[in-house]
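# Observations on chain architecture
For reference, the chains in residue letters:
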Amino acid sequence: MEWVAAVRSLTGVALGFTTATASAALFLRVDDVNYALAFGHGWRYLHEGRIDRQFGLDVAVRLLDPDDIRQVTRWALSAKSRVDRNMVPGGQGLWAFGLREHAELVRRLTGKVSSHITVDLAYVHKRGQRRNFKLGLECGDGLHVPLGIEGDSLVSDLRFLTQVVDHLPVHDRLEPLQWVRRLARGTEMAELLDSTAADLLANEDPDHGEIGVAYPARYYDGPGVRRFRGQIGQVTFDTDDLTVDDLRAGVRHCTAEECLRVLRTGYIEGFDDSGVSLGGEVSALHWMAAEIINPDYRFILIDGDWYEFGEKYLDHVDRVVSDAFKDGPDWELPAWTTAPPNEAGVVVEGAYNRHVAEVDTRFMCLDRKLIRTRIHPRGFEACDLLGPGNVLVHVKKVSTDTGSSALSHLFAQGLVAIESLTDRATWDEFVTLVGSHDEKRAATLGSRPSGLVYAIHRSDKALEPNTLFTFARSALVSASVALSTCNVPLRIAVIP
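Summarised in this report is the structure supplied together with it. (Residues numbered from 1 in each chain as written. Predicted model: local features only at pLDDT ≥ 70, side-chain atom pairs only at ≥ 80, totals over all residues. Heavy atoms only, no water.)

### Focus: the overall build of the protein chain
Of regular secondary structure, the protein chain possesses 13 helices and 23 strands. Considering the protein chain as a whole, with its 496 residues, one finds that 52% of them fall into the buried category. Here the analysis covers contacts within the protein chain between residues at least 6 apart in sequence; of these, 66% occur between residues at least 24 apart. Surface exposure of the protein chain reaches about 23700 Å², of which carbon and sulfur atoms provide 47%. (Helix = DSSP H or I, 4+ residues; strand = E, 2+ residues; numbered from the N terminus. Buried < 20%, exposed > 50% of the residue type's maximum accessible area, 1.4 Å probe, protein only. Contact = heavy atoms within 4.5 Å. Areas by Shrake-Rupley, 256 points an atom, 1.4 Å probe, with all protein chains shown as cover.)

Structure representation (structure tokens):
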């Protein structure tokens, strides 16, 4: 095994490993910085709470060439987290990966070092004279980089990496990648946030934060959940409307220290109208989102992990949300209460969508008309309404009771629709669906979506940018990023 020789050279210890699963970790202190070098699966030996998860990206934003990024792993920051990995073998600019304005948290970057930066590493001294040589780096939770395998050269290389983080300026085009930071588990701050979230779950306190329901990553696409079943602690539930009270009921008699552990070991599963599971059992903690507000920091809990928001990210969210509301469509939808109510006297979304299509022929109701593809075998909704100019309109009624999950799912549905319909074969399926209702309308659709409108009715107060739920605001930003990459206009329509 190649790295066994490196360990022997550095330490004089002959490990004698021969299998492909062997592992080792070397710990050393260079000046005032502690480093761990992992060989094989040696990273498993490291204590989660002691790892600087930002180190790899701190190096990346200072050394990598933005126009020579080859792979990006990103986690969309919304209450419906998802992971995307994009790779372009030939290397392309950062914009090729859909990271416009970098509003998404980036977990890993792979690329080449900028040619104008002098890299003082032993490996570069040996190989750097080759024609067109550029050092490649993999930067994530850690840093994958060739280092010297002799004591002096290794110490010199690590000292150089320390100087990179401490003294080199951040590239202005990569700087937004630091707007959001993931917090390592097991740290004192993570434990403090866990305790604060438990307190907020037990007692609402808007001045210090917010607890909400959030769809976990596994439920990102596909139809909306119509039934929720699960167990938290000793409490089981079966409901068509998952709320914070359902989460709270299972931990009502828990101490703050026990609260998140009970949520983590509990489970919730979502089902469609036919009783088919949409994503299997998922930890109840992953169905909860939380925001902690403090004069000195702001953290958000999504899919079981804590993230810290920087002021620049918050400013960016404000700008994107305000722009979406300001540039609304040039048509209006009828008031929500004009649609016929059900037996309980409530206007549901399906009835409202049908009502709109009946009173305004510019709209076609496609609510719950699913398009099934290889990527989306459960099907996805292209839109609730096909509107004027053939824009896709996604409709949702929200209130304080529904929390963030309703809007987060709305924004996710629109995002899935646009990403799917930019595929030609899937677009053809959509044209066929429209044609089954109106062949003349189908003939006007063109070759791709012309726009996306999120139509929202808030029943308990006026819907404005500043009354959007915290988690929904981040979800809207993630959708905006993807839609701008696809060159599809995004607008918000407020339903009176």
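### Remarks on the packing of aromatic side chains
Taken as a whole, this structure holds eight aromatic pairs when the rule is applied. With a centroid separation of 6.3 Å and an interplanar angle of 50°, the aromatic rings of tyrosine 123 and phenylalanine 133 are classed as tilted. Of this pair, tyrosine 123 sits in helix α3 (residues 122-127) while phenylalanine 133 sits in the loop between α3 and β6 (136-139), and the two are 10 residues apart along the sequence. Between tryptophan 336 and tyrosine 352 the ring centres are 4.4 Å apart and the planes differ by 15°, which places this aromatic pair in the stacked class. (Phe/Tyr/Trp six-rings, centres within 6.5 Å; stacked < 30°, edge-to-face > 60°.)

### Looking at the state of the cysteines
On inspection of all chains with the given rule, the structure shows zero disulfides. The thiol of cysteine 383 is not disulfide-bonded; the next cysteine sulfur, from cysteine 365, is found 8.9 Å away. (Disulfide = S-S within 2.5 Å.)

### Considerations on the side chain of threonine 162
You can see threonine 162 is positioned in helix α4 (residues 151-167). Exposure remark for threonine 162: the relative accessible area of 15% places this residue in the buried category. One polar contact links threonine 162 to tyrosine 35, side chain to side chain, over a distance of 2.6 Å. Each residue touching threonine 162, except ones within four places of it in the same chain, is listed here: Val33 and Tyr35. (Polar contact = N/O pair within 3.5 Å; in protein donor to acceptor, adjacent residues only side chain to side chain.)

### Focus: the pattern of salt bridges
The tally for this structure, following the rule as stated, stands at 17 salt bridges. Arginine 248 is the partner of aspartate 245 in a salt bridge, and the nearest nitrogen-oxygen pair spans 2.6 Å. One end of the pair is aspartate 245 and the other is arginine 248, both in helix α6 (residues 244-250) and three residues apart, which spans about a single turn. Accessibility expressed as a relative area gives 48% for aspartate 245, which makes it partly exposed. The closest approach of N and O atoms between aspartate 460 and arginine 458, which form a salt bridge, is 2.8 Å. On the accessibility criterion, arginine 458 (9% relative accessible area) is buried. (Salt bridge = Lys/Arg side-chain N within 4 Å of Asp/Glu carboxyl O.)

### Some details on the environment of asparagine 132
Counting through the fold element by element, asparagine 132 comes out in the loop between α3 and β6. Given the relative accessible area of 70%, asparagine 132 is considered exposed. Each C-alpha atom, one on asparagine 132 and one on serine 115, is 9.4 Å from the other, the two residues being 17 residues apart in sequence.

### Some remarks on the environment of threonine 361
Residue placement: threonine 361 occurs in the loop between α9 (349-359) and β17 (364-365). The class for threonine 361 is exposed, based on a relative accessible area of 73%. Put simply, threonine 361 and proline 388 are 27 residues apart on the chain and 9.3 Å apart in space, counted from C-alpha to C-alpha.

### A few points about unusual backbone geometry
Positive phi, close to 60°, is recorded for asparagine 390, a residue that is not glycine. One non-glycine residue with positive phi stands out, namely asparagine 487, at about 60°. Note that asparagine 487 resides in the loop between α13 (470-485) and β23 (490-494).

### Digging into the sheet that holds strand β13 (residues 282-283)
The strand order β11-β10-β12-β13 describes an open sheet built from four strands, whose pairing is antiparallel. The sheet is open, and its two edges are formed by β11 (235-239) and β13, each paired on a single side. (Pairing = 2+ DSSP bridges.)

### Quick look at the pairing of strand β12 (residues 267-271)
Burial analysis of β12 places four of its five residues in the buried class, which makes it a mostly covered element. Bridging between strand β10 (residues 227-232) and β12 involves five bridges; their strand directions are antiparallel. Within β12, the residue paired with glycine 230 across the bridge is isoleucine 268. Relative to β13, β12 runs antiparallel, the two sharing two bridges. Directly across from isoleucine 268, in β13, lies its bridge partner valine 282.

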